[in-house]
Amino acid sequence: MDESASMIRKGIEKMAVVDANELSAREFVFTDEDFEIIRSKLYVHSGISLSDYKKDMVYNRLVRRIRALSLSGFNAYFSYLEKHAEEFSLFVNALTTNLTAFFRESHHFEFLKNIVVPNVGANGSRRIRVWSAGCSMGEEPYSLAMTFNMSDINLREWDIKILATDIDSDVLNIAQAGMYGTDRIDAMSQVFKTRFFRKGRGQFTGMVKISDQLRDMVTFKELNLMHTWPMKGPLDVIFCRNVMIYFDKETQTELLNRMADLLAPGGYLFVGHSESPFRLTDRFTLIGNTIYQKVY
Ligand SMILES: C[S@@+](CC[C@H](N)C(=O)[O-])C[C@H]1O[C@@H](n2cnc3c(N)ncnc32)[C@H](O)[C@@H]1O
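These numbers come from a predicted model, not from an experiment.

Looking at the overall build of the protein chain
A count of helical and extended segments in the protein chain gives 11 helices and 10 strands. The globule rule puts the C-alpha radius of gyration for 296 residues at 19 Å, and the 20 Å found for the protein chain is close to it. Overall size of the protein chain, expressed as C-alpha extent along the three principal axes, is 65 × 50 × 30 Å. In the protein chain, buried positions account for 34% of the 296 residues. Taking as baseline every contact in the protein chain between residues at least 6 positions apart, the subset at least 24 positions apart corresponds to 73%.

Here you go:
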């Protein structure tokens with residue numbers, strides 16, 4: 001199989017909810033201390049705060065690295081990590097949770113089309129800058145691009161750019177390729193399927209590819225939210241959905257304030273269904289279901 005097709009299928013495998021390993025006895029010794037070492041390494045690097053109940057998930061994800069490297073167990077893996085800097089990103093990739101979908105929390109895209117785009121237009125502007133922070137395999141930024149295409153504007157007269165970033169280089173490769181299993185677009189209307197996707201052939205049978213026009217609207221970059229952000233801003237819209245949920249309150253507060261700094265006056269922040277800047281910062285006000293506007 002072609003390398004990109006196998007990469008995409010591997011990404012899809014990581015998403016499998018039930019892992020065969022979870023059902024069998026453990027092959028390697030995995031102590032609470034091992035879990036603490038992993039938890040601390042991941043937190044320091046990515047801000048991801050693993051709760052105790054993630055212990056089985058961590059074991060199942062990292063065991064694949066131990067097997068792939070033919071190591072004798074977790075202690076050997078920790079030594080390997082110390083000596084091989086390039087393993088660290090694979091360690092992080094293995095531990096991120098990348099669950100996503102096209103038009104996930106669809107009311108956000110309705111709001112963008114019906115409120116944000118007309119508001120920007122009413123201000124006499126034809127320029128929109130959007131950041132999809134924690135974009136996973138690309139469904140979110142491509143849904144944004146589709147929304148702008150379906151908005152009541154002449155795209156040729158507008159300057160719209162979507163920056164999509166993630167810490168996980170594996171999901172970014174999938175996002176950049178823009179290829180998905182056909183089941184990922186099952187729920188989409190036929191109009192969208194025909195307009196924005198091309199059917200895969202040969203080794204890509206059973207897959208669809210995002211249209212070049214959508215692909216050209218999105219720039220993908222690897223970016224760890226804990227590090228400095230290279231964008232200058234001001235941005236009009238930030239989608240940071242189902243990402244902060246993995247961070248502790250302190251980290252969430254810091255990120256929210258940095259996002260407020262980067263947004264234009266009155267810029268919009270969209271968060272996941274179980275996330276909220278409320279009680280963490282006064283720089284945003286709630287204007288819709290999990291939709292916030294910058295106050296200052
Ligand atoms: C559950 S997915 C959410 C995807 C998409 N935003 C959505 O709501 O459908 C969370 C994403 O955040 C990314 N992530 C986690 N920690 C990160 C960090 N420190 N910097 C950048 N991305 C991070 C993960 O790699 C993962 O792809």
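Remarks on the packing of helix H3 (residues 55–68) against helix H5 (residues 87–95)
Packing of H3 against H5 leaves a shortest axis separation of 9 Å and a crossing angle of 145 degrees. Handedness of the crossing formed by H3 with H5: right-handed. Residues Val58, Arg61, Leu62, Arg64 and Arg65 of H3 form the contact with H5, whose own contacting residues are Leu90, Phe91, Ala94 and Leu95. Tallied by class, the residues present in the contact of H3 with H5 amount to 6 nonpolar, no polar and 3 charged.

What about the domain arrangement of the protein chain?
The domains assigned to the protein chain are domain 1 (3–95) and domain 2 (107–294). Between domain 1 and domain 2, the C-alpha centre-to-centre distance is 28 Å. Counting residues per element, the ones that place at least two in the side of domain 1 that touches domain 2 are helix H1 (3–14) and H5. Looking at the side of domain 1 that touches domain 2 residue by residue, the classes come out as 6 nonpolar, 7 polar and no charged.

A short note on H5
Within H5, burial applies to Phe91, Asn93 and Leu95. Packing partners of the buried residues in H5 comprise helix H2 (32–46), H3, helix H4 (74–83) and helix H8 (169–177).

Here's the deal with the site of the ligand
Taken together, 24 residues lie around the ligand, and Thr96, Thr100, Gly134, Ile167 and Leu225 are the ones closest in. A domain split of the shell around the ligand shows at least three residues from each of domain 1 (3–95) and domain 2 (107–294).

Description of the packing of helix H6 (residues 107–122) against helix H7 (residues 139–150)
For the pair H6 and H7, interaxial distance at closest approach is 9 Å and the crossing angle is 35 degrees. Both H6 and H7 take part in a crossing whose hand is right-handed. Counted together, Phe109, Leu112 and Lys113 of H6 and Ser143, Thr147 and Met150 of H7 form the full contact between these two elements. Of the residues that constitute the contact of H6 with H7, the class distribution is 3 nonpolar, 2 polar and 1 charged.

Focus: the environment of Ile38
Mapped onto the elements, Ile38 comes out in helix H2. Of the residues examined, Ile38 has 25 C-beta atoms within 10 Å and is grouped as buried. For Ile38 and Leu50, which are 12 residues apart along the polypeptide, the C-alpha to C-alpha distance reads 9.3 Å.

A short note on H8
Counting along an α-helix, one turn takes 3.6 residues, and residues three or four places apart therefore face a common direction. The set of residues buried in H8 consists of Asp170, Val171, Leu172, Ile174 and Ala175. Positioned one or two residues after H8, Gly178 has a phi angle of 65 degrees, which is positive.

Remarks on the pairing of strand E9 (residues 284–288)
Pairing between E9 and strand E10 (residues 291–294): 4 bridges, direction antiparallel. Paired with Phe284 across the two strands is Lys294, which belongs to E10. Linking two consecutive strands that pair antiparallel, namely E9 and E10, is a turn of 2 residues; a positive phi of about 55 degrees is found at Thr290 within it.

Concerning the environment of Ser151
Mapping Ser151 onto the fold places it in the loop between H7 and strand E2 (159–166). Under the C-beta neighbour-count criterion, Ser151 is labelled buried, with 20 such atoms within 10 Å. Separated by 34 residues in the primary sequence, Ser151 and Val117 place their C-alpha atoms 7.6 Å from one another.

Basis of the calculations
Residues numbered from 1 in each chain as written. Predicted model: local features only at pLDDT ≥ 70, side-chain atom pairs only at ≥ 80, totals over all residues. Helix = DSSP H or I, 4+ residues; strand = E, 2+ residues; numbered from the N terminus. Rg over C-alpha atoms; globule rule 2.2 N^0.38 Å. Buried ≥ 20, exposed ≤ 12 C-beta atoms within 10 Å, placed from the backbone. Contact = placed C-beta atoms within 7 Å. Axes fitted to C-alpha atoms, helices over the stretch in contact; angles between N-to-C directions. Left-handed = near helix turned anticlockwise from the far one by under 90°. Nonpolar A, V, L, I, M, F, W, Y, C, P; charged D, E, K, R; others polar. Domains from an automatic or database assignment. Near = placed C-beta within 6 Å. Pairing = 2+ DSSP bridges.

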